[in-house]
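# Structural characterization, general
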Amino acid sequence: MKYTHNQITFMQYIFLIHGVQLGVGLLTLPRELAEKAGTDGWISLIIGWLFSTLASLIIIQVMKNYPNGTIIDLVTHYFGKWIGKIAAFIFALYFAFLGSIVFIREGLFIQFWVLPQTDLFILLFLLSIPSYMIVRNNITILGRYAELVFFMTTWMLFFYFSPLKEAHWLHLLPIIKEGWKPILTAAKTTIFSFLGFEIAFFLYPFLQNKQKASLGIVIANTLTLAVYIIVTIVAFAFYSPDEITQYKEPTINLLKIVEFRFLERLEIVFLSLYVFVISTTVLPLFFATVFCTTHLFGNQDHSKYVVWLLLLNLVYVFFLPQSFGRNTQLQKGVEPISLIIGYAFPLCLWGYLWLYSRIKKGGS
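What comes next concerns the included structure. (Residues numbered from 1 in each chain as written. Predicted model: local features only at pLDDT ≥ 70, side-chain atom pairs only at ≥ 80, totals over all residues. Heavy atoms only, no water.)

## Describing the overall build of the protein chain
On a plain count of helices and strands, the protein chain comes out with 14 helices and zero strands. Along the protein chain, from the amino end to the carboxyl end, the secondary structure elements read α-α-α-α-α-α-α-α-α-α-α-α-α-α. For the protein chain, whose C-alpha radius of gyration is 21 Å, the value lies close to the compact-globule estimate of 21 Å for 364 residues. Its C-alpha atoms put the protein chain at 70 × 45 × 35 Å along the principal axes. Taken over 364 residues, the protein chain has a buried fraction of 53%. (Helix = DSSP H or I, 4+ residues; strand = E, 2+ residues; numbered from the N terminus. Rg over C-alpha atoms; globule rule 2.2 N^0.38 Å. Buried < 20%, exposed > 50% of the residue type's maximum accessible area, 1.4 Å probe, protein only.)

As structure tokens, then:
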């Protein structure tokens, strides 16, 4: 019952999970899908959504075994104090690594598209100030922030309907032109794009109405699918199958053709606002990191760990020059770990808890 004083609503729960999933992956997703599955990549998105939704529902089933605690409390309850500490350490490391990768990539995008003359260290230092102001608070504040950003930025998706005036729908035909193998290969990319739902391990005890947890996580996954599939299909219909692979971030390049009498360079305005969307990925990951750290050291105040986390990121960027190539390498390095934590771990834990409850009932 220790988490009842910092609760989140059903809507905040949905937008927190959806925000963590969206992130920077959307900017390059159409190209990555086109490289692997051509214009059939949108089918891979649906397969990725299916797997992520199944894994999400398993997480909720796992958390029902210990509804008033996070995954760390659950592991401690069933496996003991030291295993709980090890779990806290692994989750802290995982979320810190993942959050830092997205945080640095956010800075790289701003530098490349908006402020090319500004040093990356300065950009990340400036981003660290509002990040600290939000993450040092409780999960309720973070939930309100995710809700605000969702309603503040949803209208941006409508800009992607403008290029449809020059779309060539024949680019999408024939469907399944190269068979199922490329589609299933690209499905692996989409599975990683949906990662972020594992934050539910930490959101569950804070949710006011836990009976809606399964419905909420399905809605969050579906919202993410809707955004991915709209942007991907528009990009596939606008660019030819070969042309789309030449753009590093086709999601931004698409907006270069959209012009208004009162506004030029829409892509710059878009990216400036999209920084808020990326922050809904970074901030919950940073919060989960410091949450695990406080559990690891037995403290209650997590604000000082936020300072250390942001300082470590700045020191890392200061001493090691960053690039998109280095960032992509780190991202690929963490992908197998994400696969284990997001998909394999919930399935194994759910199997163990099911067996445990059966044996316990049989014994009694």
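## Quick notes on the environment of glycine 23
Looking at the element boundaries, glycine 23 is found in the loop between helix H1 (10-22) and helix H2 (25-37). Taking the relative accessible area as the measure of exposure, glycine 23 reaches 3% and is therefore buried. Residues glycine 23 and arginine 105 lie 82 residues apart in sequence; the distance between their C-alpha atoms is 10.0 Å. When neighbours within four sequence positions are excluded, glycine 23 is seen to be in contact with Tyr274, Ile278 and Thr281. (Contact = heavy atoms within 4.5 Å.)

## Remarks on the environment of glutamate 106
With respect to the helices and strands, glutamate 106 occurs in helix H5 (residues 81-113). Residue glutamate 106 is classed as buried on the basis of its relative accessible area of 3%. As a C-alpha pair, glutamate 106 and leucine 127 span 21 residues in sequence and 9.4 Å in three-dimensional space. Leave out the neighbours within four places in its chain, and glutamate 106 touches Leu127, Val275, Ile278, Ser279 and Val282.

## Things to note about the packing of aromatic side chains
Describing an aromatic ring pair means giving the distance of the ring centres and the angle of the ring planes. Counted under the stated rule, the structure contains 31 aromatic pairs. Between the aromatic rings of tyrosine 78 and tyrosine 356, the centroid separation amounts to 5.4 Å while the plane-to-plane angle is 85°, which identifies the pairing as edge-to-face. On the criterion of sequence distance, the pair formed by tyrosine 78 in helix H4 (residues 71-79) and tyrosine 356 in helix H14 (residues 324-363) is long-range, its members being 278 residues apart. Their ring planes at 80° and their centres at 5.6 Å tell us that phenylalanine 112 and tryptophan 113 sit as a pair that is edge-to-face. A connected cluster of aromatic rings, assembled from ring pairs, spans Phe91, Tyr94, Phe95, Phe201, Phe202, Phe206, Phe287, Phe291 and Phe345. Above the face of the tryptophan 82 ring, lysine 81 is positioned so that its terminal group lies 5.8 Å from the ring centre. The residue whose ring lies beneath lysine 212 is phenylalanine 10, and the NZ or CZ to ring-centre distance is 5.2 Å. (Phe/Tyr/Trp six-rings, centres within 6.5 Å; stacked < 30°, edge-to-face > 60°. Lys NZ or Arg CZ within 6 Å of the ring centre and 35° of its normal.)

## Examining the nonpolar core
What tends to happen in soluble globular proteins is that the nonpolar side chains get buried as a cluster. Membership of the largest hydrophobic core comes to 121 residues, with the highest contact counts inside it found for Tyr13, Ile17, Ile71, Phe91, Phe202 and Tyr274. Ignoring sequence-local partners within four residues, the contact set of tyrosine 13 consists of Ile8, Ile60, Ala200, Leu203, Leu207, Ala213, Gly216 and Ile217. (Core = buried A, V, L, I, M, F, W, Y, C linked by side-chain atoms within 4.5 Å.)

## What about the state of the cysteines?
A complete count under the given rule lists zero disulfides for this structure. Free of any disulfide, cysteine 292 has its nearest cysteine sulfur in cysteine 348, 19 Å distant. Note on cysteine 292: relative accessible area 0%, which makes it buried. (Disulfide = S-S within 2.5 Å.)

## Focus on unusual backbone geometry
Note the cis peptide between leucine 173 and proline 174, where omega equals -10°. Here proline 174 lies in the loop between helix H7 (139-153) and helix H8 (180-193). With a phi close to 55°, isoleucine 176 is a non-glycine residue in the positive phi region.

In short, geometric facts, not functional conclusions.
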